[in-house]
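An overview of the molecular structure
One-letter residues, chain by chain:
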Amino acid sequence: MKKFFCLLMLMVLIGLGYYYWTTTQPIYSLNKVITSVVNKDWTSFQKYVDVDGVGKKFVDQMINGKFQTGAKQEQITMFSEAISSFAIPQIKDQIRNQIESTDDSKNMPFLLDIDVKTTKIVSVRQVEKQGKIAIVILNLQSDNVGDFPLKIKMRDKDGYWQVSEILNLEELLLKAAKTKEQKMILRQARYKLQMKDSAGNEYNVYIFSNDERSTNKSSWFPGHHRVFEGEYSAAISQTGNDLVTVQAVKLFSNFKEETMRGTFDLDDETKKNSAYVVSSTFEGQPDILVVSQRQAATTGWLKAFMIDDGVLYPIAFGSSKMAASNTPLRCVAPMLFHSSAFSNARSETEDFRGVFYYAWKLNPSIRTFDKVDQRFVSYKQPKLDW
């Protein structure tokens, strides 16, 4: 009986020792941080996070990032102190309001676009303790950001550990912002198209706008058509890769200059005011993205684009950035394309009322369409079998 009692006491002491050891480790404190946010416990959050210290480091990182032009360190420090005096209380109030909010969707303080309710520690990559300082690198995962590393500096507070600095904060903020931008693009995309480059690599192309609105102000749009206007951009992602990259190209032209503002007619079966892809079935020939715009009931233009080395580039039509067209661009042979445009031009001596037919040879290496044939058929003649 005495032997059993001694064994029982030994097991209790081992259990208490293990409990003390686990509850005084950095990882335990980090789990308490996440729990405090989920439970809306501001007091517990302040215990395990040095809010003032982390806020000060955040301000310092942002300011140092703005002064990469050789400013003296003492000037940067003075500016940082001045900004911190009023910025940190605001940051602290924002974090407290965020934690104590009744909104069920919780984002991680200082990492405002990371959903803490779905955040979990996938693995502990590194815990390096040096006296009362610990550097912890965690592999985290959340539903709205995905996998990301979190590098934290912690201090031993005699019984528990407290977060004193997020060492890769700026990197995480950029990742969260990028993820938010990508979700916005996918949500607001007016078109999602598939294209291949010359090597056969497949891409998704998204055409989106931040200020899109419904319109039908032009008389050449049928009244029942769904027409939208806005400043549109293009973004692409390679198939199988979630990274969506906004492209620098301007999709439209008003004859005087290239522009981002244009219209799309979602019910345009003639492809005179839309975005579409001319797919290639020929080896080494890229797919062509076409953006067309009406200029009147019977006239319009189109611009063409191709993907080269993961970037969307415009294709010139000879020396012009666009081509007059009233019919869709068509591929009729390897690297050979046809288009046509109506004309109402006439003078006292000449009558050009009819249709111009164009043949274009694609040169993908320099991203141009070279005109190789042009024919005119008047309204009085039969249409050309082109």
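Residues numbered from 1 in each chain as written. Predicted model: local features only at pLDDT ≥ 70, side-chain atom pairs only at ≥ 80, totals over all residues. Heavy atoms only, no water.

Here we look at helix H2 (residues 26-38)
Selection rule: Runs of H or I in DSSP of at least four residues are treated as helices and runs of E of at least two as strands, each being numbered from the N terminus. Expected span of a helix: the number of residues minus one, times 1.5 Å. Residue exposure (1.4 Å probe, protein chains only): buried if accessible area is under 20% of the type maximum, exposed if over 50%, otherwise partly exposed. What the arc describes is the spread of directions from the helix axis to the C-beta atoms.
An ideal rise of 1.5 Å per residue puts 18 Å on 13 residues; H2 measures up with 19 Å between its terminal C-alpha atoms. The complete set of buried residues in H2 reads Pro26, Ser29, Leu30, Val33, Ile34, Ser36 and Val37. Buried positions in H2, seen along its axis, are confined to an arc of 160° and lie on one side of it. Once H2 finishes, Lys40 follows within two positions and takes phi at roughly 60°, a positive value.

A closer look at helix H6 (residues 169-188)
For H6, with 20 residues, the first-to-last C-alpha span of 28 Å sits near the 28 Å given by 1.5 Å per residue. Residues Leu169, Leu172, Ala176, Thr179, Gln182, Met184 and Ile185 constitute the buried set of H6.

Considerations on unusual backbone geometry
Phi is positive for Met335, which is not a glycine, with a value near 65°. Within the fold, Met335 resides in the loop between strand E20 (330-333) and strand E21 (336-346). Of note in this structure, Arg367 is not a glycine but carries a positive phi near 55°. In this fold, Arg367 is placed in the loop between strand E22 (351-363) and strand E23 (368-378). Its relative accessible area of 23% is what places Arg367 among the partly exposed residues.

Focus: the pattern of salt bridges
Spelled out, the test is: By salt bridge we mean one thing: a side-chain nitrogen of Lys or Arg within 4 Å of a carboxyl oxygen of Asp or Glu.
According to the stated counting rule, one finds 13 salt bridges in the structure shown. Where salt bridges share partners, they join Glu258, Lys303 and Lys321 into one cluster.

Regarding the packing of aromatic side chains
In plain terms, the rule: Paired rings are identified among Phe, Tyr and Trp, the last through its six-membered ring, by centres lying within 6.5 Å, and are further divided according to the angle between planes into stacked (under 30 degrees), edge-to-face (over 60) and tilted (the rest).
All told, the structure shown has 12 aromatic pairs when counted by the stated rule. Judged by centre distance (4.9 Å) and plane angle (70°), the rings of Tyr191 and Phe264 are edge-to-face. Taken together, the positions of Tyr191 in strand E7 (residues 189-196) and Phe264 in strand E14 (residues 261-265) put the pair 73 residues apart, joining distant regions of the chain. A relative accessible area of 12% means that Tyr191 is categorised as buried. The class for Phe264 is buried, based on a relative accessible area of 0%. Ring centres of Tyr358 and Trp360 lie 5.9 Å apart, and the angle between their planes is 35°; on these two criteria the pair is classed as tilted. Across the pair, Trp360 and Tyr358 agree in class, each one buried. Among the aromatic side chains, those forming a connected cluster through ring pairs are Phe317, Phe337, Phe356, Tyr358, Trp360, Phe369 and Phe376.

A short note on the sheet that holds strand E4 (residues 133-142)
Our working rule: Two strands pair if DSSP finds at least two bridges between them. Axis lines are fitted through C-alpha atoms, for helices just across the contact stretch, and the angle between N-to-C directions can take any value from 0 to 180 degrees. The contact rule is simple, with two residues in contact once any of their heavy atoms fall within 4.5 Å.
With antiparallel pairing, the four strands of this open sheet are ordered in space as E3-E4-E5-E6. Looking at strand neighbours, the two that pair on one side only are strand E3 (120-130) and strand E6 (161-166), the edges of this open sheet. Put simply, the sheet's adjacent strands are angled 30° from each other on average, direction ignored. With nine bridges joining them, E3 and E4 adopt antiparallel strand pairing. Paired with Gln130 across the strands is Ile133, a residue of E4. Docked against the sheet, H2 engages E3, E4, strand E5 (146-156) and E6, running at close to 45° with respect to E4. Contacts from H6 reach E5 and E6, with the element oriented near 155° to E5.

Quick look at the confidence of the model for the protein chain
Put simply, the test is: Confidence scores labelled pLDDT are given residue by residue by the predictor and lie between 0 and 100.
For the protein chain, mean pLDDT is 81; residues scoring 70 or higher make up 80% of the total. A low-confidence stretch, residues 1-21 (pLDDT under 50), is modelled with zero contacts involving residues beyond four sequence positions or located in other chains.

Let's talk about the nonpolar core
We count it as follows: We call a set of buried Ala, Val, Leu, Ile, Met, Phe, Trp, Tyr and Cys residues a nonpolar core when their side-chain atoms join them within 4.5 Å.
Of all hydrophobic cores here, the largest spans 29 residues; its most connected members are Leu30, Phe45, Val49, Ile95, Met154 and Val163. Going through the elements one at a time, H2, helix H3 (42-48), helix H4 (51-66), helix H5 (73-100), E4, E5, E6 and H6 are the ones with two or more residues in this core. With five residues, the top contributor of residues to this core is H5. With 23 residues, the next largest nonpolar core counts Val249, Val277, Trp301 and Met322 among its residues.

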